[in-house]
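Below, each chain spelled out in residue letters.
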Amino acid sequence: MPLHLRPFVRWRCSLVFACLIFSCVGGEHTATVTHPLPAAFSDLLPHFLVEPDDVYIVKNKPVTLTCRSTPATQIYFKCNGEWVHQDDHLIERTVDPATGLPVMQVKIDISRQQVEKIFGLEDYWCQCVAWSTTGTQKSQKAYVRIAYLRKNFEEEPLGKEVALDQEVLLRCHPPEGVPTAEVEWQKNEELIDPKADPNFFITVDHNLIIKQARLADTGNYTCVAKNIVARRKSSSAAVIVYVNGGWSTWATWSACSAICGRGWQKRSRSCTNPAPLNGGTACEGQSVQTSACTATCPVDGGWSEWSKWSACGTDCTMWRSRECTQPAPGTGGKACQGLDLQSLNCTSEQCPQSESSFFFEGPNHFFSVSGAEDVALYVGIVAVALCLTLLLVVLVLVYRRKKAGLDADVADSSILTTGFQPMSIKPTKPENSHLLTIQPDLTTTTTSYQGTLRSRHDMAQKFSMSNGPLLEPLPNGSQTLHNGKLPGEPGDFVSRLSSQSYFKTLPRDNVNTSYGTFNFLGGRLTLPNTGISLLIPPEAIPRGKIYEIYLTVQRKEDLRLPLAGCQTLLSPVVSCGPPGVVLTRPVIISMDHCSDACPENWAIRLKKQSYEGSWEDVLLLGEELVSEPYYCQLEAETCRVFTEQLGRFALVGESLSMAAAKRLKLLLFAPAYCSTLEYSIRVYCTDDTQDLIKEVMQMEAQLGGRLIDEPHVLLFKDSYHNLRLSIHDLPQAHWRSKLLTGYQEIPFYHIWSGSQRSLHCTFTLERLSVSTCELSCTLCVWQVEGEGQSFSLDFNISKVTASALSTHTLAGPSAFQIPYLIRQKICSSLDAPCPNGADWRLLAQRLKLDRHMSFFASKASPTSVILDLWEAQHFHSGNLNQLAAIMAEIGKQEAMIFLVSDGEC
């Protein structure tokens, strides 16, 4: 074929092909008229000026798809692989004035019915195809979807009460919809704009975070979801920002109530720094303090003796004087009345004198008295005055001697043995037969507390010595100890202490409070079944002082610990007091904690409540300073706090990653008796500390519940996911569940904050017959998007069992396992540095306490602090044989311990 004919032939073939396609699309076999392109544009492929876009059908309104191309002879739509009928196309032809190219635009309408025909199979899509004499082009696919928005939110925000400056998290999961709903937040029906107020932050998953709660942030918060179809509002979540009351500074002391002698003065403070708001706790403690005072009495002035007469002067006058100094007037007393200077004419003619007369001076003048009878009268008066003066001196001496006896110290041998408790311990090596044997004193009586105050006995009755290099005899002297007895009733004790000015907060719960009277020998206070104790080492209380000390655990509803961010309460809030007492050595507070065994996931702080009521960080674990009055040893489940100041303490942890976990205890209870078809199982979720477990046990005992399974430990991670619980595998022939949902859920924040008490959920079951007594099922517990645990339950509902925890009692008259004098001998033997290292450092290594070397070294007696910690750790399970073996390994045989067995006592 000639070259000049080839373009024409190619154009004719394309035209015929297009005509055939148009005939098929139209459903007829007739030729369709086309619009050929001018020859200048015959070699151009069509390109799209407008392509169809994704659209949504709202309710029943059809949507329009538009396609525009140049240069194009024809444009048709294809939807889901099928050509759209040509009659459904709306065609418009124009010419581009800039290029002169023909422009073709085609529109089609898509109805809801067309889309619903293939709903569920695949998405409905359309595509336009453009032809020119050169070839064809396809546009992008445009998807047509039916828009909708469900009514119910998948998760709605929950109301909260938060402390001032605490972080608040409000969760929101919008309803399902197409297109995906946009979320915005409203406060009191007004839109929240995080750009205008940076204190608000909306996360990518639509949650609202208030970084630091302010009083102005109190209000009703609503989550709003909207798309092109509808606009939905969640239920309002009330956020209340409360402020705990704080004490103002103390006002100055008032004037003493007495003008002379003993009186009272007081000072006051107000709960206005800040004042409690929105349900915040009121200030704890006293608003008025009273103190004894002594006002100096007014002293009236008194004259001194007259001076001697001066020599007779040239003016025939002699003088004498006196001063108002016996005593001098003071504190408003009256001045002396009378003359302080007297004169006398010394001329013999004017002032005759006789042998039987003498001069007597009055306050304002002088005159002469004659006769021996008057002299005898005045001598008798002087003698009576001297007798009265001597009697007064004797009375003062007797009074001072009695008063001195009241403050004397105790130093007799009976007190030194009260630190000893009979144990059954045998020496590890038979060659140590020279060691001390101490016969314990079984005649002393014990009180209800673990103190060290006993009646006096002769020293020979207290010790039985043989080969005793450890015990030296005490000086032959004894002093009396007074006020060493507890009041008869705990209520009397609490009411009496409440009137003393040094109490910041007075414990009111006698059940969870222990108290006692202690002197320099120390002692121990323990709250049974709580894991909480206070060890007062020997010499911690200054000699000559007697303290009444209390120990209590605060209930969570009694106070609110300010927590922020990822912080959580890891221990009970323990109070010991009275605050402000003088201690010469640190005491040891032992309490449980519920953090996992991975300290790298935590930043753990020891908090102490100040006198003003605010909580302060006094220690960060891992960054302790030996110069500070606080130190902490964190064990697997127990925390030992060394403190030189009594007060209120708590352990707070801040998670450093989402792997941080708290130990929870799951406690399962059911009614002890059941006479109906319904049967309820209560599942408590509480921190793994003994005090909270005891609290749940006591509450269930009042409700008539019983423990149906052993408590289970669950690790709860800081993942912001709630805890879900469900019951499965019920025997369908005998039991059925009355729950409408498949599981129950406890919000994450309620558990993580640690401030909610007795969190639990109840599963209500129904037996089909009253005679059914056996119940077997499976309890599943899991954190959303996390691992879970399952526990098999199999028990008889008619069998009554006790649900009480075992009671740990303190046995024997002593608070320490190591006797006082043996302890002193060990300290004197190991405190001095030894060149070969056989000193307190080796003892710490053997007891696996070498991590605290720097703390021990900062104390005057490192050995005594090590023994204090050993006593706190091993009071119930301490093995003195093991301690004696360690002393033998160190090479200190003279300080080894050997006590007689119980059978030999």
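The preceding data block contains the structure.
Okay, so let's go over this structure. (Residues numbered from 1 in each chain as written. Predicted model: local features only at pLDDT ≥ 70, side-chain atom pairs only at ≥ 80, totals over all residues. Heavy atoms only, no water.)

So, on to the overall build of the protein. From N to C terminus, the protein includes 13 helices and 49 strands. Taken across its 905 residues, the protein has 45% of its residues classed as buried. Of all intrachain contacts in the protein linking residues separated by at least 6 positions in sequence, the fraction that spans at least 24 positions is 69%. By element, 54% of the accessible surface of the protein is carried by carbon and sulfur atoms, the whole surface being about 47000 Å². (Helix = DSSP H or I, 4+ residues; strand = E, 2+ residues; numbered from the N terminus. Buried < 20%, exposed > 50% of the residue type's maximum accessible area, 1.4 Å probe, protein only. Contact = heavy atoms within 4.5 Å. Areas by Shrake-Rupley, 256 points an atom, 1.4 Å probe, with all protein chains shown as cover.)

A word on the packing of aromatic side chains. The final tally for this structure, using the stated rule, is 16 aromatic pairs. Their ring planes at 50 degrees and their centres at 6.5 Å tell us that F200 and Y221 sit as a pair that is tilted. Here Y221 lies in strand β19 (residues 219–226) and F200 lies in strand β17 (residues 200–202), a separation of 21 residues in the sequence. Exposure class is identical for F200 and Y221. Each is buried. For the pair Y743 and W782, a centre-to-centre distance of 6.3 Å together with 65 degrees between the ring planes defines the contact as edge-to-face. (Phe/Tyr/Trp six-rings, centres within 6.5 Å; stacked < 30°, edge-to-face > 60°.)

Position of S861 among the secondary structure elements: in the loop between α11 (853–857) and α12 (862–873). Accessibility expressed as a relative area gives 17% for S861, which makes it buried. Side chain to side chain, S861 and D831 meet in a polar contact 2.6 Å long. Leaving out residues up to four positions away in the same chain, S861 has contacts with C827 and D831. (Polar contact = N/O pair within 3.5 Å; in protein donor to acceptor, adjacent residues only side chain to side chain.)

As summarised here, the arrangement of the 3 strands in space is β13-β18-β17, forming an open sheet in which the pairing is antiparallel. Of all strands in the sheet, those bounded by a partner on one side alone are β13 (168–170) and β17. On average, adjacent strands in this sheet sit at an angle of 20 degrees to one another, irrespective of strand direction. As paired elements, β17 and strand β18 (residues 208–210) share 3 bridges and run antiparallel to each other. Counterpart to F200 in the pairing with β18 is I210. (Pairing = 2+ DSSP bridges. Axes fitted to C-alpha atoms, helices over the stretch in contact; angles between N-to-C directions.)

With that settled, consider the sheet that holds strand β7 (residues 102–110). Taken together, 4 strands build an open sheet; the order of strands is β1-β3-β7-β6 and the sheet is antiparallel. Bordering the open sheet on either side are β1 (47–50) and β6 (90–95), each of which pairs with just one other strand. For this sheet, the mean angle separating the axes of adjacent strands, direction not counted, is 25 degrees. Here β1 runs beside strand β3 (residues 63–70); their pairing, made up of 3 bridges, is antiparallel. Pairing of H47 across the sheet is with T70, part of β3.

With that settled, consider the nonpolar core. One recurring pattern in soluble globular proteins: nonpolar side chains tend to sit buried together. With 67 residues, the main nonpolar core has L534, I549, I681, L775 and L779 as its most contacted residues. Among all residues touching I681, those that are not within four sequence positions of it are F669, I708, I727, C761, T762, F763, L765, L775 and F795. Of all hydrophobic cores here, the second largest spans 32 residues; its members include I826, L847, F856 and W870. (Core = buried A, V, L, I, M, F, W, Y, C linked by side-chain atoms within 4.5 Å.)

Regular strands have side chains that alternate between both faces of the sheet. Bridging between strand β41 (residues 678–687) and strand β47 (residues 760–767) involves 7 bridges; their strand directions are antiparallel. When the bridges of β47 are listed, Y684 appears paired with H760. Across 3 bridges, the pairing between strand β45 (residues 735–737) and β47 is antiparallel. The residue of β47 that forms the bridge with R736 is E766.

Turning our attention to the pairing of β6. Pairing of β6 with β7, which is carried by 6 bridges, proceeds in the antiparallel orientation. Paired with V95 across the two strands is P102, which belongs to β7.

Right, let's get into the pattern of salt bridges. In this structure the tally under the stated criterion is 26 salt bridges. R846 is the partner of E889 in a salt bridge, and the nearest nitrogen-oxygen pair spans 3.1 Å. With E889 in helix α13 (residues 880–890) and R846 in helix α10 (residues 840–846), this residue pair connects regions lying 43 residues apart in the sequence. Residue E889 is classed as exposed on the basis of its relative accessible area, which comes to 51%. (Salt bridge = Lys/Arg side-chain N within 4 Å of Asp/Glu carboxyl O.)

Here we take up the layout of surface pockets. Reported here for the largest pocket is a volume of approximately 990 Å³. Elements that contribute at least two residues to the lining of the largest pocket include exactly β12 (160–163), β13, β46 (744–746) and α8 (748–752). Top contributing element to the lining of the largest pocket by residue count: α8, with 4 residues. Residue composition of the lining of the largest pocket, by class: 19 nonpolar, 13 polar and 12 charged. (1 Å grid on protein atoms, 1.4 Å probe; cavity = no way out; pocket = protein on both sides within 12 Å on 5 of 7 lines; lining within 4 Å. Points joined across faces, edges and corners; volume = space filled by probe spheres on them. Nonpolar A, V, L, I, M, F, W, Y, C, P; charged D, E, K, R; others polar.)

Enumeration over the complete set of coordinates arrives at 7 disulfides. Across a sulfur-sulfur distance of 2.0 Å, C271 and C283 are joined as a disulfide pair. Across the S-S bond linking C271 and C283, the dihedral sits near 80 degrees, which makes this disulfide right-handed. Residue C271 is found in the loop between β22 (261–268) and β23 (288–295), and its partner C283 is found in the loop between β22 and β23; the two are separated by 12 residues along the sequence. Here C324 connects covalently by a disulfide to C336, the sulfurs 1.8 Å from one another. Between C324 and C336 the sulfur-sulfur dihedral comes to about 80 degrees; the bridge is accordingly right-handed. Residue C324 is found in the loop between β24 (317–321) and β25 (341–345), and its partner C336 is found in the loop between β24 and β25; the two are separated by 12 residues along the sequence. With no disulfide partner, C674 has as its closest neighbouring cysteine sulfur the one in C773, 9.1 Å distant. By relative accessible area, C674 is classed as partly exposed at 23%. (Disulfide = S-S within 2.5 Å.)

Turning our eyes to something else, we now look at α12. Counted at 1.5 Å a residue, the expected span for α12 with its 12 residues is 16 Å, and the 17 Å between its end C-alpha atoms agrees. Burial analysis of α12 places 11 of its 12 residues in the buried class, the great majority of the element. Those residues of α12 not exposed but buried are P862, T863, S864, V865, I866, L867, D868, L869, W870, E871 and A872. (Expected span 1.5 Å × (residues − 1).)

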